[in-house]
Amino acid sequence: MKNKTNQIIIIYLLTALFVVIIFYKFSLSYYQTENYPYFNFIKDAILVLTTGLIFRYILTKNDKRSTIYFNQLKQINEDFKESNDKYDIVAKATSDTIWDWKIEEDQMIWSKGIQAVYGYGENEVGNGSNWWFENIHPEDSIKMSIKLYSFLEQKTEKWQDEYRFKCADNTYKYVLDRGFLLKDENGKAVRMIGAIQDITKQKEEELRLKLLETVIVQTKESIIITEADFDNHKLPKIVYANPAYTSMTGFESHEVIGKTPDLFQGQKASFSAMYKILKTLHSRQETLIETLSTRKNKEEFWLRFSMIPIYNSEHELTHWVSMQKDVSEEKKQEKEKEHLINELTQNNKDLKQFSYITSHNLRAPVSNLTGLLNLIDDIPIDDPELAEILGGFQKSTNLLNETINDLTKVMIIKDKSAVQKEDVLLEDVFKNVCNQLSFQIEAEQPILNINLADVPSIRMNKPYIESILLNLLTNAIKYKCADKTLEIAIEANQLKDKTILTFTDNGIGIDLDRNKDKVFGLYQRFHDYPDSKGLGLYLVKSQVEAMAGTISIKSEVNKGTTFTLTFKNK
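The shown structure was predicted, so the numbers you read here are calculated from the model rather than taken from an experiment. (Residues numbered from 1 in each chain as written. Predicted model: local features only at pLDDT ≥ 70, side-chain atom pairs only at ≥ 80, totals over all residues. Heavy atoms only, no water.)

**Quick word on the overall build of the chain**
Of the regular secondary structure elements, the chain holds 16 helices and 17 strands. The 570 residues of the chain split such that 33% are buried. In the chain, 57% of the contacts between residues at least 6 apart in sequence involve partners at least 24 apart. Counting only carbon and sulfur atoms, one obtains 55% of the accessible surface of the chain, whose full area is about 37200 Å². (Helix = DSSP H or I, 4+ residues; strand = E, 2+ residues; numbered from the N terminus. Buried < 20%, exposed > 50% of the residue type's maximum accessible area, 1.4 Å probe, protein only. Contact = heavy atoms within 4.5 Å. Areas by Shrake-Rupley, 256 points an atom, 1.4 Å probe, with all protein chains shown as cover.)

**Some points on the nonpolar core**
Of all hydrophobic cores here, the largest spans 39 residues; its most connected members are Ile468, Leu472, Leu473, Phe503, Phe563, Leu565 and Phe567. Among the secondary structure elements, those contributing two or more residues to this core are α12 (426–436), β13 (457–460), α14 (462–478), β14 (487–495), β15 (498–505), α16 (536–546), β16 (550–556) and β17 (560–568). Here this core takes eight residues from α14, the largest share from any one element. When sequence neighbours within four positions are dropped, the list of residues in contact with Leu472 reads Phe503, Leu537, Val540, Phe563 and Leu565. The next biggest cluster of nonpolar side chains, apart from the first, holds 24 residues, and it includes Trp99, Ile114, Met144 and Ile196. (Core = buried A, V, L, I, M, F, W, Y, C linked by side-chain atoms within 4.5 Å.)

**Side note on the sheet that holds strand β7 (residues 238–241)**
Across a sheet, paired strands are connected by hydrogen bonds in the backbone, their directions being either parallel or antiparallel. Here five strands make up an open sheet; going across it, the order is β7-β6-β10-β9-β8 and the pairing antiparallel. In this open sheet, the two edge strands, each paired with only one partner strand, are β7 and β8 (287–294). The sheet shows a mean angle of 30° between the axes of neighbouring strands, direction not considered. Of the pairings in the sheet, the one linking strand β9 (residues 300–311) to strand β10 (residues 317–326) comprises seven bridges and is antiparallel in character. Looking across to β10, one finds that Ile308 is bridged to Val321. Helix-sheet contacts for helix α9 (residues 271–283) involve β8, β9 and β10, and the interaxial angle to β8 is about 135°. (Pairing = 2+ DSSP bridges. Axes fitted to C-alpha atoms, helices over the stretch in contact; angles between N-to-C directions.)

**Considerations on the sheet that holds strand β12 (residues 447–451)**
Strand order in the open sheet formed by five strands is β12-β14-β15-β17-β16, and the pairing between neighbours is mixed. Looking along the sheet, the strands with just one partner apiece sit at the ends: β12 and β16. Ignoring strand direction, the axes of neighbouring strands in this sheet form an average angle of 10°. Relative to β17, β16 is paired through seven bridges, and the arrangement is antiparallel. When the bridges of β17 are listed, Ile551 appears paired with Leu565. In this fold α14 packs onto β14, β15 and β17, with an angle of close to 20° to the strand it touches most, β15. Of the strands in this sheet, β16 and β17 are in contact with α16, which crosses β16 at around 145°.

**Some points on the pairing of β16**
Each regular strand shows side chains that alternate between the opposite faces of the sheet. Burial along β16 is one-sided: Ile551, Ile553 and Ser555 are buried, while Thr550, Ser552, Lys554 and Glu556, pointing the other way, are not. As consecutive antiparallel partners, β16 and β17 are separated by three residues, and within that stretch Asn558 has a phi angle of approximately 65°, a positive value.

**Here we look at a negative patch on the surface**
Taken together, the side chains of Asp382, Asp383, Glu385 and Glu388 make up a negatively charged region of the molecular surface. Among the structural elements, Asp383 can be located in the loop between α10 (328–377) and α11 (384–415). In this structure Asp383 comes out as partly exposed when scored by relative accessible area, which is 39%. (Patch = residues over 30% accessible without salt bridge, like charges linked within 9 Å, V, L, I, M, F, W, Y side chains within 5 Å. Salt bridge = Lys/Arg side-chain N within 4 Å of Asp/Glu carboxyl O. Lys, Arg positive; Asp, Glu negative; His and termini not counted. Charge placed at Lys NZ, Arg CZ, Asp CG, Glu CD.)

**Here's the deal with the packing of aromatic side chains**
According to the stated counting rule, one finds 11 aromatic pairs in the structure shown. Considering the side-chain rings of Trp131 and Phe165, the 6.2 Å spacing of their centres and the 70° angle between planes classify their relative orientation as edge-to-face. One end of the pair, Trp131, is in helix α4 (residues 129–134); the other, Phe165, is in strand β3 (residues 158–166), and 34 residues separate them in sequence. The pair formed by Trp131 and Phe165 is uniform in burial state, with each residue classed as buried. Ring-pair connections join several aromatic residues into one group, and the members of that group are Trp99, Trp101, Trp110, Tyr118, Tyr120, Trp131, Trp132, Phe133, Tyr149 and Phe165. Over the aromatic face of Phe301 sits the side chain of Arg295, whose NZ or CZ is 4.1 Å from the ring centroid. Positioned above the aromatic ring of Trp302, the side-chain terminus of Lys331 is 4.7 Å from the ring centre. (Phe/Tyr/Trp six-rings, centres within 6.5 Å; stacked < 30°, edge-to-face > 60°. Lys NZ or Arg CZ within 6 Å of the ring centre and 35° of its normal.)

**Some details on the packing of α12 against α14**
Direction vectors running N to C along α12 and α14 enclose 50°, while the axes themselves pass 9 Å from each other. As far as their axial angle goes, α14 and α12 are oblique. Crossing geometry of α12 relative to α14 is assigned as right-handed. Along the contact surface, α12 presents Val429, Asn432, Val433 and Gln436, while α14 presents Lys462, Ile465, Glu466, Leu469, Leu470 and Leu473. Of the residues that constitute the contact of α12 with α14, the class distribution is six nonpolar, two polar and two charged. (Parallel < 35°, antiparallel > 145°, perpendicular 65-115°, else oblique. Left-handed = near helix turned anticlockwise from the far one by under 90°. Nonpolar A, V, L, I, M, F, W, Y, C, P; charged D, E, K, R; others polar.)

**With respect to the environment of Thr318**
Its place among the elements puts Thr318 in strand β10. By relative accessible area, which is 27% here, Thr318 ends up partly exposed. Sequence separation between Thr318 and Ala228 is 90 residues; the distance between their C-alpha atoms is 5.2 Å. Setting aside anything within four residues of it in sequence, one finds Thr318 in contact with Glu227, Ala228, Ile310 and Asn312.

Listed below in structure tokens is the structure:
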């Protein structure tokens, strides 16, 4: 700047001297006085030099002033740049989007946060307040506008509001908007600067906490929250108790907050329960405890409660939550149930003993009767009435003997907790059964369809499977339809880890609509046959279940019956 000033002065002096010389030459041609032109030249030269020095002084002063202004402007620009840098750093650090609204011109400037947080491109952001208001959720826009303009009219200095602001992808974020008003010398609002903070996560957490609070307050389960700190002599202090706790114990919330739960333990509370509580507090593990507790009216009751540790984000234990339940009625029912089980167990033992004694005491007389009746067979009887009476007596005796044998089998099955299993050839079992029923099979001539090829052998108790097939085959022959040929199908199939046996006949069937729940019951009879005892299917089901199997039935009257037996291979 100084060199430029000197250049201007030199140019000015040269020009002025050139003009002076021209005028000097011109004056020589008009004035003949010898000294006058020299005098005039010297005068003009002095004038030019003097004005040049004055001009230089003025320019130098102006140059110094310009230099000062330039340095000030440079400092202002540096301060402005530093302020903008700080402004951007603060915006990034706080995740705030800062806006600047010149109210009279209705011009708005947004920080880069409007792009980073809300996804808007540089060309998508409007420069007026309309763009701002248009992106506020319709449900929040009117409320927010009223509060904002009320703020502007009242000319207060601070303003804040929460609303939903639309992002570039048309989703909404919850924001906290805070503004500061700038006024001119007349107190008129001319500018407003604010910051929008994304509080979506906080809002969602707030809503979640409100929901949890509602659940805790409304639940009928008693809940208390305690501090985490405790010493070896006292439990942690209670900081919260929900209304259900008051309903259960009679203590109001303000009566228990700040106190320890051990004050409400019953006098009969077990030492083991307290030991378990202290152990849980030290181990910081969730647990479930039962103990006697005391209500406000000094009434003792059984309390079952959990202890759940609560950790913060740094995995530091902050509180304990305890969910509590009055289980006095359950305890009473458990005691009654235990007493009833003991009674039933004893009754069962008595019944078993009675059954054994009865079967043992009956077996000998029945055997004697059978022997005597066999001897009578060798004696000729001429009286037909006596022969009929003896025949009926023999038939009843044989039926009684079979019943005693079946009851003995049932008692043996029920008394054994496990049965011995072996690999059994189903074909051999079926042959044995057919040999035992050879007389009935020969008399009825049923059509037998046997398919055991898929499962040639099965691991089970051989006497049981023989008894099962014997009972099912006997029933099929006994309850056949009188007007059609009896057909019986027995099939064995392998299905993954299970063996399925199906036994089907076309006999008279069972009305399952009336008797479905009674089919496998003891002494259940569904047909008026004189030799029906009602033990066969009960015995079959007992033997199947003793081998860890299941049995089901499908039947229709006068169409037939299908039994499905399922056994696990292992």
